[in-house]
Amino acid sequence: MHRFTLPNGLRVLLAPSHGHPRVAVAVHYGVGFRSEPPGREGFAHLFEHLMFQGSAQLAGGEFYDRIHRLGGSANGTTHQDYTDYYQAVPASALDMALFAEADRMRAPLFTEEALAEQLEGVALEIRGTTLDRPYGGFPWPLLPAVLYRSYANAHDGYGDAERLRSATVTDCRAFFAEHYAPGNAVLTLVGGFDAVEARALVERYFGDIPGRPVPARPDLGERAPEADRWAYGTEPGVPATAVALGYRLPDPARDLGGYLAHTVLARLLRATGGQGGGGPVETSCGFFGPLDALAPETLVVTGLLPPDAAPERFVERVDAGLAHWAEPGAAGHGEAVRTAVRDLALDHVRRHDDLQTRARALGRLELLFGRPGLLAELPDLLADVGPAEVAGAARALRGSARAVLVLTPGAERTRPAPYEAPAAPGGRAGTTGEPVVPARAETLTPAGTRVVCYRDVRTPLAELRIKAPLGPDGWRDPGRIRRLVYEAQLRAGAAWRATGHFGTVRVTTDDQWLEVSGHTPAERAGDWLRTVVGTVLAAGTAAANGPAHASVSAAPAATALQRAADAALRLRLLPGAGNAAALPGPAGAVVVVTGPGDPDATAALVTRTLAGWSAADAVTPEGAAPGPADAYGEDTVLTLHRPGAAEAHVTLCAPAAMSTATEAADYLATAALGGWFGSRLAVDRTPGLTVIVGRDTVAAGHRAYLRAWHEGPYRPHTVGELRERVRRLAREPFTAAETDATRIFCEGQVLSVFDAQETLADMLCQTAAYGHDATWLMRLPRALREASPADVSRAAVRMFAERPLTALAVRTDAGDLTETADMADTDGAARVPGGRAA
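What you see is a predicted model; the values in this text were computed from it and never measured. (Residues numbered from 1 in each chain as written. Predicted model: local features only at pLDDT ≥ 70, side-chain atom pairs only at ≥ 80, totals over all residues. Heavy atoms only, no water.)

Draft legend 1. View of the overall build of the chain. Scanning the chain for helices and strands turns up 28 helices and 26 strands. Counting all 838 residues of the chain, 55% fall into the buried class. About 32,800 Å² of surface is accessible on the chain, with carbon and sulfur atoms providing 54% of the total. (Helix = DSSP H or I, 4+ residues; strand = E, 2+ residues; numbered from the N terminus. Buried < 20%, exposed > 50% of the residue type's maximum accessible area, 1.4 Å probe, protein only. Areas by Shrake-Rupley, 256 points an atom, 1.4 Å probe, with all protein chains shown as cover.)

If you want it as structure tokens, here you go:
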């Protein structure tokens, strides 16, 4: 890491990762809601919104537009002691990103119109996070007002929306002049760049910003409470009492070892604090995460209680947990502490593998503590925490006073009185870098499973993914599959927890695939696979009776309706009757593993372990081929009736083979038609109608689709209008400008999956399941650049204009069924009377 300071006081951190195709840029300013003066509660957060509303050379929404056109992302957040602004873009756009950040550090624009607009936006955000949701404001921002007594520490960082409306443009300019000086900021770059070249760009864009005096940090010091402080509120429409405890943490700037011991203790309390019944206990060091604020900071313990449980019993459970860990020599403490330390260290490494998260953490640690190197040092520092240190932390908390916030079920919402204080007196984007093709190994098991292993040394963890097609019987009965998946998740989760190893196992289905995903230390990959084979893959014929569990079927309304429509199409594509649905066998499945291990050795391990997953574990797939040639047809409209649904949905789709030879052009054509905010369907839009275009797999074949939805009852003419509209737009050749804008956006989106090992594993598994070779994802950015407008135009016609477009309609009324004869069962599969597929 390269660290230097410009003459105007701006601190700069450069953390190059050679060969990475993207770069993250973060700017931290030393101002948060603890910097707000009395009478200006919530102003720091409002100001964060205003910083995206234009600057001297980037007016209006141009800041976001330039980033989104590249497939990048940008955001900002406000915390107790800092505000950060961050973006991730292709590495070639670093020049543009630095120009934009420097322009708003130098001369942001504040207008009456922008202020009024952002006041409305902040009011909606406050309402959505604190007023409209159950237990709103719990534990933050309610708990600080119970634990602390000084204005800086106790007041509500969101503020009051109506009071904020008194803010003026003059107030905004004064706040910027006081707090947004270069000397009060840290600029951080992480990703694919050359340090020498990056420093030159930083000096070019930021070096001439005038320096200004840096404000003193607010006085945050106050005495710890001498007795417990309790506060109460009520919440309508909830069945459980919510309790939050707040403890003062050691100052990490003066006693980092003590702070980390409390961090380990918080992890251990999740297990012992929940003993004796009464529901789980959640803990957090800091309201927004560890090492996210200056002292005083808070250790938070929360829980939801059964209706008959008193909050005092919850406090007693936490006290019992502290007493348990206050004895360093007790049986099992050494191993438990080592496990907690290991899990915290691996969590830390995995979380900060992400490009933006790493940039934000480095800048935050520099700004607050002057120690960006802590990011790399923390795993070793945690390893120094043992049972004695944890016992010392537990004894300290047992002997200290705390805050207790209680929200009980009640007829109306009440809250503790908020803290009140007297009001104070009057560039240019070019081509991107190429992703590095990692060392890899690929094999096909005797049972027909494709295994692909990649070397990724960013973390000590293995990311593991399994994706298997459900097969005809599974596609015919998605409700039964969901029940089987739910039972498999219970078995796998329990078995993995019983091993005591770090990591997760997650079993899911989208009604097309069975997907198993998770992570674990690389040396435990074999244990993870054996757990999955024993509890999921080799248990495919396990019984599943009764209705689907709520956690399986619960999904956003739009997603549920789309899945029901796709289920109807699968039934049409699968001729004849089938057998009882079971979880799939190994034929056609894909296993992807990324991690620091040798790819060949990992592939051999996977192959050996999967030997326990045999074709006999699932019903032999018969009739896997698509249905008759007229399964997709111009005159086909499959209608599902969902009376009372809030939205009507229409899907138009046609078969569309996926081929590496045409993939880049197909990808761009789909996006250019309706896959990004600059697409034709986004520009040529119908008010009230949301339309997206994509490609996926249904049953045994690939398809291109258009999905549309609108509020209110189904309109039969929508199908014909959408067919004509998408064909008209698909037949019109794409211009070079359209193709180039779409390419830049899509290339940026593809490169974003390389930000973290987790997202890379997800996408590698998906591309492998679609039949692409092991290096295709790394070669896709170049292929996108090489696709010509003519290639893209031909792909659009082939997918959306030449073939019949089957319509799947989800109606919100209970009208007549003359358009098509069908009914929808509770599992989302459409059937006509007698059980024949509609």
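Draft legend 2. Inspection of the side chain of Thr 767 at higher detail. Mapped onto the elements of the fold, Thr 767 is located in helix α26 (residues 757–769). The contact partners of Thr 767, leaving out residues within four places of it in the chain, are His 772 and Leu 777. (Contact = heavy atoms within 4.5 Å.)

Draft legend 3. Structural view of the layout of surface pockets. In this structure, the largest pocket spans a volume of roughly 790 Å³. For the lining of the largest pocket, the elements supplying multiple residues, two or more each, are β16 (461–469), β17 (504–509), β18 (513–521), α20 (557–573), β22 (690–698), β23 (701–711) and α26. For the lining of the largest pocket, the element with the highest residue contribution is β18, accounting for six residues. Across the lining of the largest pocket, the residue classes break down as eight nonpolar, eleven polar and 17 charged. (1 Å grid on protein atoms, 1.4 Å probe; cavity = no way out; pocket = protein on both sides within 12 Å on 5 of 7 lines; lining within 4 Å. Points joined across faces, edges and corners; volume = space filled by probe spheres on them. Nonpolar A, V, L, I, M, F, W, Y, C, P; charged D, E, K, R; others polar.)

Draft legend 4. Region of interest: the sheet that holds strand β3 (residues 22–29). Pairing is mixed in the open sheet, where six strands are placed in the order β1-β2-β8-β3-β7-β6. Strand pairing shows two members of the sheet lacking a second neighbour, β1 (2–5) and β6 (73–78), which therefore form its edges. Geometrically, the sheet is characterised by an average inter-axis angle of 15 degrees between neighbouring strands, direction not taken into account. As judged from the six bridges shared by strand β2 (residues 11–16) and strand β8 (residues 185–191), these two strands associate in the parallel manner. What sits directly across from Pro 16, in β8, is Gly 191. The strands that helix α3 (residues 94–106) touches are β3, β7 (83–90) and β8; relative to β3, the one it contacts most, it runs at about 15 degrees. Sitting on the sheet, helix α9 (residues 195–206) touches β1, β2 and β8, and the angle it makes with β2 is about 150 degrees. (Pairing = 2+ DSSP bridges. Axes fitted to C-alpha atoms, helices over the stretch in contact; angles between N-to-C directions.)

Draft legend 5. Spotlight on the pairing of strand β9 (residues 229–235). Alternating positions in β9 separate cleanly, Arg 229, Ala 231, Gly 233 and Glu 235 being buried on one face and Trp 230, Tyr 232 and Thr 234 remaining unburied on the opposite face. In this structure, β9 lies alongside strand β13 (residues 403–409), joined through seven bridges in parallel fashion. Bridging across to β13, Gly 233 finds its partner in Leu 407.

Draft legend 6. Representation of empty space enclosed by the protein in the model. Volume-wise, the largest cavity comes out at about 90 Å³. For the largest cavity, the lining is made up of 13 residues, of which Phe 33, Arg 34, Gln 80, Pro 144 and Asn 153 are closest to its centre. Among the residues making up the lining of the largest cavity, the classes are represented as seven nonpolar, four polar and two charged. Surrounding the second largest cavity, Leu 119, Val 122, Ala 123, Ile 126, Ala 161, Leu 164 and Arg 165 form its lining. Looking at the lining of the second largest cavity, the elements that each hand over two or more residues are α4 (112–131) and α7 (161–164). Ranked by residues supplied to the lining of the second largest cavity, first place goes to α4 with four residues. Among the residues making up the lining of the second largest cavity, the classes are represented as six nonpolar, no polar and one charged.

Draft legend 7. Region of interest: the nonpolar core. In this structure, Phe 47, Leu 98, Leu 187, Leu 189 and Phe 206 are the most contacted members of the largest nonpolar core, which totals 77 residues. The element contributing the most residues to this core is α3, with eight residues. Excluding residues within four positions of it along the chain, Phe 206 makes contact with Leu 6, Asn 8, Leu 10, Leu 98, Glu 101, Ala 102, Met 105 and Leu 187. The next biggest cluster of nonpolar side chains, apart from the first, holds 62 residues, and it includes Tyr 454, Val 650, Leu 760 and Leu 764. (Core = buried A, V, L, I, M, F, W, Y, C linked by side-chain atoms within 4.5 Å.)

Draft legend 8. The packing of aromatic side chains, seen in detail. The tally for this structure, following the rule as stated, stands at 22 aromatic pairs. Seen from their ring centres, Trp 676 and Phe 677 are 5.0 Å apart, and the 65 degrees between their planes marks the pair as edge-to-face. Classification of Trp 676 by relative accessible area gives buried; the value is 9%. An aromatic cluster is defined as three or more aromatic residues linked by ring pairs; in this entry it consists of Tyr 29, Phe 43, Phe 47, Phe 52, Phe 63, Tyr 64, Tyr 85, Phe 110, Phe 175, Phe 176 and Tyr 180. Residue placement shows Arg 104 over the ring face of Phe 63; its charged tip is 4.1 Å from the ring centre. (Phe/Tyr/Trp six-rings, centres within 6.5 Å; stacked < 30°, edge-to-face > 60°. Lys NZ or Arg CZ within 6 Å of the ring centre and 35° of its normal.)

Draft legend 9. Examining helix α14 (residues 374–383) more closely. Looking only at α14, the buried set comprises Leu 374, Leu 375, Leu 378 and Leu 382. Take α14 and look down its axis: the buried residues cluster within an arc of 75 degrees, on one side only. Counted as exposed and oriented over 90 degrees from the buried face of α14: Ala 376, Asp 380 and Ala 383. Buried residues belonging to α14 abut α10 (256–272), α12 (333–351) and α13 (355–369). (Arc of directions from axis to C-beta.)

Draft legend 10. Geometry of the packing of helix α17 (residues 478–499) against helix α18 (residues 525–535). The contact between α17 and α18 brings their axes to 9 Å, and the two run at 145 degrees. Crossing of α17 against α18: the hand is right-handed. Contact residues: α17 offers Ala 488, Arg 491, Ala 492, Ala 495, Trp 496 and Thr 499, while α18 offers Asp 527, Trp 528, Thr 531 and Thr 535. Taken together, the residues of the contact of α17 with α18 break down into five nonpolar, three polar and two charged. (Left-handed = near helix turned anticlockwise from the far one by under 90°.)

Draft legend 11. Structural view of the environment of Arg 11. Mapped onto the elements, Arg 11 comes out in strand β2. Judged by relative accessible area, Arg 11 falls into the partly exposed class, the value being 22%. For Arg 11 and Leu 367, which are 356 residues apart along the polypeptide, the C-alpha to C-alpha distance reads 8.7 Å. Leaving out residues up to four positions away in the same chain, Arg 11 has contacts with Phe 4, Thr 5, Gly 183, Ala 185, Val 186, Leu 187, Glu 366 and Leu 367.

Draft legend 12. Structural context of the pattern of salt bridges. Under the definition given, this model contains 52 salt bridges. As a salt-bridge pair, Asp 684 and Arg 728 come within 3.0 Å of each other at their nearest N and O atoms. Residue Asp 684 is located in the loop between α23 (680–683) and β22, and its partner Arg 728 is located in helix α24 (residues 717–731); the two are separated by 44 residues in the primary sequence. In this structure Asp 684 comes out as partly exposed when scored by relative accessible area, which is 30%. You can call Arg 728 partly exposed: its relative accessible area is 40%. Linked through salt bridges whose partners overlap, the residues forming this network are Arg 350, Glu 463, Arg 465, Glu 758 and Asp 762. (Salt bridge = Lys/Arg side-chain N within 4 Å of Asp/Glu carboxyl O.)

Draft legend 13. Fine view of the pairing of β1. One ladder, built from four bridges, connects β1 with β2; its direction is antiparallel. The residue of β2 that forms the bridge with Thr 5 is Arg 11.

Draft legend 14. View of the sheet that holds β17. The strand order β14-β15-β19-β16-β18-β17 describes an open sheet built from six strands, whose pairing is mixed. At either end of the open sheet lies a strand with only one pairing partner, and these are β14 (440–444) and β17. Averaged over all adjacent pairs, the angle separating strand axes in this sheet is 10 degrees, with direction ignored. By the bridge criterion, five bridges tie β14 to strand β15 (residues 450–455) in an arrangement that is antiparallel. Looking at β15, one finds that Leu 444 is bridged to Arg 450. This element, helix α21 (residues 599–609), spans β14, β15 and β19 (590–595) of the sheet and lies at about 150 degrees to β15.

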